[in-house]
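Chain residues, written in single-letter form:
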Amino acid sequence: MLYLLVSFFVAAAVTLLIIHSSRSHGHLSADADLSGPQKFHATPVPRVGGVGMFAGLLTCIAVAALVRHADWKLGALLLVCGLPAFGAGLIEDLTKRVSPGKRLLATAVSAALGIWLLNATITRTDVPGLDWLVSSAAGAWVATVFTVAGVANSVNIIDGFNGLSSMCVCLMLLVFAYVAYQVGDTALALWALAGVGAALGFFVWNFPGGLIFLGDGGAYFLGFYLAEIGILLIARNTEVSPLFPLMVCIYPVFETVFSMYRRKIVRSVPPGLPDGIHLHSLIYRRLMRWALGARDARLMTRRNSMTAPYLWTLCISSLAPALLFWDSTPWMAACSISSSRVPGSPLRFSPISRWRRSRPARVPDSEVSITSLTPYRRANSIVGFCS
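Note that the structure is a prediction, hence the values are computed from the model and not measured.

## Focus on the packing of aromatic side chains
Counted under the stated rule, the structure contains 11 aromatic pairs. Here Tyr3 and Trp191 contribute two aromatic rings whose centre-to-centre distance is 4.8 Å and whose plane-to-plane angle is 50°, an arrangement assigned as tilted. Residue Tyr3 is located in helix α1 (residues 2–20), and its partner Trp191 is located in helix α9 (residues 186–206); the two are separated by 188 residues in the primary sequence. We classify Tyr3 as buried; its relative accessible area is 3%. The exposure class assigned to Trp191 is buried, which follows from its relative accessible area of 1%. With 4.6 Å between their ring centres and 5° between their planes, Phe54 and Phe86 make a pair best called stacked.

This is how it looks when you write it as structure tokens:
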């Protein structure tokens, strides 16, 4: 509990300081783009929330070292390994000049450091074929780097609305902490809780008011931290099903896989090109259409914050069975497959929706600046097909 409290209060204090001083650094740190396909805020907002979380975890390591907790080294190595992912994202937040490919490369470097310093390697999957792949050192390294980079990118993708990604990661880390405690891995449980505290320290200022955004630095670092905790859990404890971390992270992972499919196959555009047809964007437009066209900052912030709880529920729907069957691979596989049929799951958004013609609601002129007409029509068709 000490780890959680220290990281929470430090992260909250540093984040508040960033918000309070935003006028002095806003020309660098603020997200002033209000018209992009994934922009749903009305005024420029600092997007360096990852700084507070990183500071919270760093302080937690210092306190653990001062009181001579033997597991402080694990936290220190996690932060060292996460530096490339965090640094590349933070530079993007400040300069807006780091491409998605370079950010993914930096996250891959972080994953490689995790393999070297923490032995965080995927050596078993309980999936025929994949087990053969990870049976060799080279195959295990490739699978691990790919997994860590993918999870980090998935957390960045769902970071679209106030409180969405930070609360989802908090819930996932809590599940990891519980299972780590159940198998006697106290050190890993404590650092999972430290991650929860750091994310909550950011969350209290991000939700519901949206006073600060996570940014790429925070999103990639949180995703890396989440992936490393999950991989370490199955690497250090053979009684945990190797599919358990997948089940825990299935919401952002499915969202990422479907986004890549939608962009590359359905729309024939680069997979890294931003669009406004993510699940959270569709929920925002469909469920919050009572406020459509309102440009008042208060109303936009309100409907922004009303979107996240719907996705928290979707996230919890995969965490509940993960908690029940964390030591059973057959049950984990069954639950993973059934999760794709949960109402609202990204995998239910079939490409057949391209041919379904539904009459879209009229888009007010004031809304056209937020999203182009074509993504809006496609989003309306997809939601109409699934409802």
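## Side note on the packing of α1 against helix α3 (residues 50–66)
The contact between α1 and α3 brings their axes to 7 Å, and the two run at 140°. When the interaxial angle is binned, α1 and α3 end up oblique. With respect to the hand of their crossing, α1 and α3 are arranged in right-handed fashion. Taken together, the residues of α3 that come into contact with α1 (itself represented by Leu2, Tyr3, Val6, Ser7, Val10, Ala11, Val14, Thr15 and Ile18) are Val51, Gly52, Met53, Ala55, Gly56, Leu57, Thr59, Cys60, Val63 and Ala64.

## Some remarks on the packing of helix α5 (residues 100–118) against helix α7 (residues 137–157)
For the pair α5 and α7, the least separation of the axes is 8 Å and the interaxial angle reads 130°. In this view, α5 runs oblique relative to α7, as classed from their interaxial angle. Seen from above, α5 lies across α7 with right-handed handedness. On the side of α5, the interface is formed by Arg103, Leu104, Thr107, Ala108, Ala111, Ala112 and Ile115, while α7 contributes Trp141, Thr144, Val145, Val148, Ala149, Ala152, Asn153 and Asn156. Of the residues in the contact of α5 with α7, the class split is 10 nonpolar, 4 polar and 1 charged.

## Remarks on the side chain of Asp71
Note on placement: Asp71 falls in the loop between α3 and α4 (72–95). One buried charged residue, Asp71, forms no salt bridge at all, with the nearest opposite charge on Arg236 at 8.1 Å. Reaching out from Asp71, the side chain makes a polar contact with the side chain of Tyr3 at a distance of 2.6 Å. Among residues more than four places away in sequence, those in contact with Asp71 are Tyr3, Ala187, Leu190 and Trp191.

## Considering a nonpolar patch on the surface
A cluster of nonpolar side chains, Met1, Leu5 and Phe9, forms an exposed patch at the surface whose accessible area comes to about 340 Å². One can find Met1 in the segment before α1.

## What about the nonpolar core?
Core analysis: the largest hydrophobic core is formed by 89 residues, its most contacted members being Phe176, Trp191, Tyr225, Leu233, Phe244 and Val248. With 13 residues, the single largest contributor to this core is helix α8 (residues 164–182). Ignoring anything within four residues of it in the chain, the contact list for Trp191 reads Tyr3, Cys60, Ile61, Asp71, Trp72, Leu74, Gly75, Leu78 and Tyr225.

## Regarding the environment of Gly218
Position of Gly218 relative to the elements: it lies in helix α10 (residues 215–236). In sequence terms Gly218 and Ala199 are 19 residues apart; their C-alpha atoms lie 9.2 Å from each other. The residues contacting Gly218, other than those within four sequence positions of it, are Gly50 and Met53.

## Quick word on α1
Relative to the 27 Å expected for 19 residues at 1.5 Å per residue, α1 spans 27 Å between its end C-alpha atoms, a close match to the ideal helical length. Taken as a whole, α1 has its buried residues at Tyr3, Leu4, Val6, Ser7, Ala11, Ala12, Thr15, Ile18 and Ile19. Looking at the buried residues of α1, the elements they touch are α2 (22–29), α3 and α9.

## Observations regarding the pattern of salt bridges
Any two side chains of opposite charge can pair, on the condition that their charged atoms come close. Considering all chains together, one arrives at 4 salt bridges under this definition. Measuring nitrogen to oxygen at the nearest pair gives 3.4 Å for the salt bridge that ties Arg103 to Asp216. You can see Arg103 sitting in helix α5 and its partner Asp216 sitting in helix α10, a full 113 residues away along the chain. For Asp216, a relative accessible area of 7% translates into the label buried. Asp185 is paired through a salt bridge with Arg236; the nearest N and O atoms lie 2.8 Å apart. In this pair, Asp185 is assigned in the loop between α8 and α9 and Arg236 in helix α10, connecting sequence segments 51 residues apart. Residue classification places Arg236 among the partly exposed positions, given a relative accessible area of 42%. One network of salt bridges, in which partners are shared, links Arg47, Asp93, Arg103 and Asp216.

Analysis parameters
- Residues numbered from 1 in each chain as written.
- Predicted model: local features only at pLDDT ≥ 70, side-chain atom pairs only at ≥ 80, totals over all residues.
- Heavy atoms only, no water.
- Phe/Tyr/Trp six-rings, centres within 6.5 Å; stacked < 30°, edge-to-face > 60°.
- Helix = DSSP H or I, 4+ residues; strand = E, 2+ residues; numbered from the N terminus.
- Buried < 20%, exposed > 50% of the residue type's maximum accessible area, 1.4 Å probe, protein only.
- Axes fitted to C-alpha atoms, helices over the stretch in contact; angles between N-to-C directions.
- Parallel < 35°, antiparallel > 145°, perpendicular 65-115°, else oblique.
- Left-handed = near helix turned anticlockwise from the far one by under 90°.
- Contact = heavy atoms within 4.5 Å.
- Nonpolar A, V, L, I, M, F, W, Y, C, P; charged D, E, K, R; others polar.
- Lys, Arg positive; Asp, Glu negative; His and termini not counted.
- Salt bridge = Lys/Arg side-chain N within 4 Å of Asp/Glu carboxyl O.
- Polar contact = N/O pair within 3.5 Å; in protein donor to acceptor, adjacent residues only side chain to side chain.
- Patch = residues over 30% accessible without salt bridge, like charges linked within 9 Å, V, L, I, M, F, W, Y side chains within 5 Å.
- Areas by Shrake-Rupley, 256 points an atom, 1.4 Å probe, with all protein chains shown as cover.
- Core = buried A, V, L, I, M, F, W, Y, C linked by side-chain atoms within 4.5 Å.
- Expected span 1.5 Å × (residues − 1).

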